[in-house]
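In case you want the letters, here they are:
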Amino acid sequence: MLANISFDKLPFLLLLPLVLLPLISHRRDALSYSWTQLLPQDPVGKYVEWLWRLLALLTLLSIIVGLAGPGRSETHIERIGKGAEISIVMDRSSSMDAFIHRNGANPGKLTSKQDYVAVRKQMSKNDVLREALGWLLTKRPNNRYALTLFNSAAMRVTQFTDDISIVQAALDASDIGRGPSKTNMGRGLLAAIEAFEGRSYSGSRVIMLVSDGGAKLDAKIREAISEGLKRNNISLYFIYIESSPNSPNLELVGTEVDSTLEEVALHKFFSGLDVEYQVFQAADPESLTKAIQRIDEQQNLPLTYLERIPRTDYSQWFLISAMILCGLLVLLSMTQRVNWQ
Amino acid sequence: MLFMAVAIFLPTVNLKRPVHNYQLTFDISQSMNVEDVKLDGKTVSRLNLAKAAAQNLIQELPCGSKVGWSVFTGQRNITLLRPLDVCEHYDGLSASLALLDGRMRWFNGSSVGKGLHQSLRAANTIGNETAVVLISDGHEAPPLRPGQSGIPKKIAGMDVKGMVIGVGGDSPVPIPKTDNLGRVIGNWLPHEVMQSPGGGGRNTREELSSLKSKHLIALSQVVGLEYHEIKSAGDMASALFDAKLTKIAESPVDLRWIPALLALLCVCWRFVPAFRRIT
């Protein structure tokens, strides 16, 4: 306990020798007397005198310690809660800046004021995604999140962290400017897997892949992804945002969907992996939010995490005690003879 | 004395203090992989020196200051993080900064002027008087035509302050070539890179790279930014502190120490030994 005490403003402790002042016998308020031997013994006065010195010493001590700003350093407590370690892999290519289509309708030309309002409600895929992920961050602050962006390269933006605001700031940043046009999902996935490397297993592990397109992955990358997911025991969730009404419905794959499409090929590859995999098709903001809610419901298993206990400051307590001691000092000093009159 | 002690209950007050808000922009093009700068006595890549300088900056800035970052290569600038408080999010910022590397590069060459222009626009979007700090070696790939400034002239309406930081050695050295996974696979050769069209067909040695301070100075002047070169991790923070690109913001300040110190003085005064005058 004591080992965790730290001082905010250490230099103030240099004032500590001052506490010895009350122990020095010569005092400014001493009264002159011709011959002290003539004074009667005053045992009570002696006690009062020493009590006064002791109180003064304690007062000085409290003020100085209070000034130095003592506090228990930030600590971490291991807790077991519900949640998951979620590595978010987000498409940050220019296609994500396009409007998400609503009920298959294109905004087209504006004709009336009502249309204008409807268009204003149009959000890009990226906007909608940010909103949905923001919802998840606020609802499950105990989940651990890592964020990876990808276009033709992969950008690991945040490592798994307990600092939700940094993930939020990274999400918010993705609406500034446009991304490059090309995508290379393989690199994004490998980077997201890398985020788990070397971490001790503390609860369920999830990669949440969000993209509006598929990808052709070569055999080498496929193998690296398959092996990486399995070794780190990661479940994969693919949130597929439809770009147009002609996008294939991946949730129906297996029946009669055209498998030459990149998306479908990707989905088939994921389904064949030796890890838990699920696809969520999102056509509009509502279905996207729903997909994320469904993932959240499934990933509510026990998770061991370290809760950060912020630094607690004790200086106020020392200052309060200093004040009380000061009051006592004042009371005591009333018993003192100030002059001979 | 009692009066002094009561004053201890002073709440924290909001005082206007200068704080720094920076959006750092890292050049992550291949030339930033050139190892021709020193960090703690070791030779490291330009990007690593830039990262060390950024780490040093978030350490040195006073609480209440905010730092975020972007990366640029090719024709684009991607904002990775909006500015966050350097004290409250110190651990998260440090961990994220460590993740920055050349593998993020989505394009091998880079247009420094466009990177700078887009950083200014991004800072303008972020608002809050965020200043741009662009860290680059000034190496343009493909090279500019003679007379080209490399930056769009129109920057009207953007009142963004900031600084361009030059990083890199003075003598031209080969640029390492990396593969998809960030592994070095030799150096760029003269016939593999585009030579300057101003060279009249001659080899203008664009395969070699050094700090192009003239180009960076010219660019920073176009947009009204300051320019500074760094040789060590601490240089960037001190240049920024000197440049006073701060904004005045209210932040809570604990002033309890003033009455407490006065109380301390009062108590001490009672006990300062006085040498009595003998009359």
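In the block above lies the structure referred to throughout.
A brief report on the enclosed structure follows. If you're wondering where the values come from, they're calculated on a predicted model, not measured in any experiment. (Residues numbered from 1 in each chain as written. Chains lettered and ligands numbered in written order. Predicted model: local features only at pLDDT ≥ 70, side-chain atom pairs only at ≥ 80, totals over all residues.)

## Quick notes on the overall build of chain A
Turning to step 1, where the next piece is worked out: If you tally the helices and strands in chain A, you get nine helices and 11 strands.
Turning to step 2, where the next piece is worked out: By the burial criterion, 35% of the 341 residues in chain A qualify as buried.
Turning to step 3, where the next piece is worked out: Of the contacts made within chain A by residues no fewer than 6 positions apart, 85% connect residues no fewer than 24 positions apart. (Helix = DSSP H or I, 4+ residues; strand = E, 2+ residues; numbered from the N terminus. Buried ≥ 20, exposed ≤ 12 C-beta atoms within 10 Å, placed from the backbone. Contact = placed C-beta atoms within 7 Å.)

## Let's talk about the overall build of chain B
Turning to step 1, where the next piece is worked out: A count of helices and strands for chain B gives seven helices and 14 strands.
Turning to step 2, where the next piece is worked out: Residues counted as buried form 46% of the 279 residues belonging to chain B.
Turning to step 3, where the next piece is worked out: In chain B, of all internal contacts separated by at least 6 residues, the share reaching a separation of at least 24 is 78%.

## Section: the sheet that holds strand β2 (residues 21–27) of chain B
Residues and elements named next belong to chain B.
Turning to step 1, where the next piece is worked out: As summarised here, the arrangement of the six strands in space is β6-β5-β2-β7-β8-β13, forming an open sheet in which the pairing is mixed. With one partner strand each, in any of the chains shown, β6 (76–85) and β13 (226–229) form the two edges of the open sheet. Ignoring which end each strand starts from, the neighbouring axes of this sheet average 20 degrees apart.
Turning to step 2, where the next piece is worked out: Of the strand pairs in this sheet, strand β7 (residues 131–136) and strand β8 (residues 162–166) are connected by five bridges, and their pairing is parallel. Residue pairing for β8: Ser136 is matched across the bridge by Gly166.
Turning to step 3, where the next piece is worked out: Contacting β7, β8 and β13, helix α6 (residues 235–243) runs over the sheet at an angle of about 150 degrees to β8. (Pairing = 2+ DSSP bridges. Axes fitted to C-alpha atoms, helices over the stretch in contact; angles between N-to-C directions.)

## Some words on the pairing of strand β8 (residues 234–241) of chain A
Residues and elements named next belong to chain A.
Turning to step 1, where the next piece is worked out: Most of β8 sits inside the fold, with seven of its eight residues counted as buried.
Turning to step 2, where the next piece is worked out: Judged from the seven bridges that link them, strand β7 (residues 205–211) and β8 form a sheet pairing that is parallel. Bridge pairing links Ile207 to Leu236 in β8.
Turning to step 3, where the next piece is worked out: As for the winding sense of the linkage, the β-α-β connection from β7 through helix α6 (residues 219–231) to β8 is right-handed. (Right-handed = clockwise from strand over helix to strand, strands pointing away.)

## A word on the sheet that holds strand β2 (residues 70–72) of chain A
Residues and elements named next belong to chain A.
Turning to step 1, where the next piece is worked out: The three strands lie next to each other as β1-β2-β11, forming an open sheet whose pairing is antiparallel. Pairing within the sheet leaves two strands with one partner each, and these edge strands are β1 (5–7) and β11 (312–313).
Turning to step 2, where the next piece is worked out: Strand direction decides the pairing type here: β1 and β2, joined by three bridges, are antiparallel. The partner of Ser6 across the bridge, within β2, is Gly71.

## Some thoughts on the nonpolar core
For soluble globular proteins, the rule of thumb is that nonpolar side chains tend to be buried together.
Turning to step 1, where the next piece is worked out: By size, the foremost hydrophobic cluster in this structure holds 121 residues, and its most contacted members are Val89, Ala170, Met208, Leu209 and Ile239 of chain A together with Val133 of chain B.
Turning to step 2, where the next piece is worked out: Per-element tally for this core: the top contributor is helix α2 (residues 46–60) of chain B, with eight residues.
Turning to step 3, where the next piece is worked out: In this structure Met208 of chain A touches Ile86, Ile88, Val89, Tyr237, Ile239 and Ile295 of chain A, once residues within four positions along its chain are discounted.
Turning to step 4, where the next piece is worked out: Counting residues in hydrophobic clusters, the runner-up holds 22 residues, among them Ala68 and Met323 of chain A together with Ala260 and Leu264 of chain B. (Core = buried A, V, L, I, M, F, W, Y, C linked by C-beta atoms within 7 Å.)

## Considering the packing of α2 of chain B against α6 of chain B
All names here are of chain B.
Turning to step 1, where the next piece is worked out: Axis separation between α2 and α6 bottoms out at 7 Å; the angle between their running directions is 50 degrees. In terms of their interaxial angle, α2 and α6 are classed as oblique. Here Ala53, Asn56, Leu57 and Glu60 of α2 lie close against α6, whose contacting residues are Asp235, Met236, Ala237 and Leu240.
Turning to step 2, where the next piece is worked out: Class assignment of the residues belonging to the contact of α2 with α6 gives a composition of five nonpolar, one polar and two charged. (Parallel < 35°, antiparallel > 145°, perpendicular 65-115°, else oblique. Nonpolar A, V, L, I, M, F, W, Y, C, P; charged D, E, K, R; others polar.)

## A look at the packing of helix α3 (residues 125–139) of chain A against helix α8 (residues 285–298) of chain A
All names here are of chain A.
Turning to step 1, where the next piece is worked out: At a closest axis distance of 9 Å, the pairing of α3 and α8 adopts a crossing angle of 30 degrees. Between α3 and α8, the angle is such that the two are roughly parallel. Crossing handedness for the pair α3 and α8: right-handed. Residue-level contacts link Val128, Leu129, Ala132, Leu133, Trp135 and Leu136 of α3 to Pro285, Leu288, Thr289, Ile292 and Asp296 of α8. (Left-handed = near helix turned anticlockwise from the far one by under 90°.)

## Focus on the interface of chain A and chain B
Turning to step 1, where the next piece is worked out: Of the residues lining the interface, 44 residues belong to chain A; the matching set on chain B comes to 42 residues.
Turning to step 2, where the next piece is worked out: Within the residue set of the side of chain A that touches chain B, elements represented by two or more residues are α1 (43–67), β6 (154–161), α4 (164–173) and α9 (315–333) of chain A.
Turning to step 3, where the next piece is worked out: Across the side of chain A that touches chain B, the residue classes tally to 25 nonpolar, 12 polar and seven charged.

## Digging into α3 of chain A
In an α-helix, one turn spans 3.6 residues, which is why side chains three or four residues apart end up on the same side.
Residue and element names in this part refer to chain A.
Turning to step 1, where the next piece is worked out: Taking 1.5 Å per residue, 15 residues should reach 21 Å; α3 reaches 21 Å between its end C-alpha atoms and fits that length.
Turning to step 2, where the next piece is worked out: For α3, the complete set of buried residues consists of Lys125, Asn126, Val128, Leu129, Ala132, Leu133 and Leu136. Angular distribution of buried residues about the axis of α3 spans 165 degrees; they occupy a single face of the element. (Expected span 1.5 Å × (residues − 1). Arc of directions from axis to C-beta.)

Keep in mind these values describe shape, not function.
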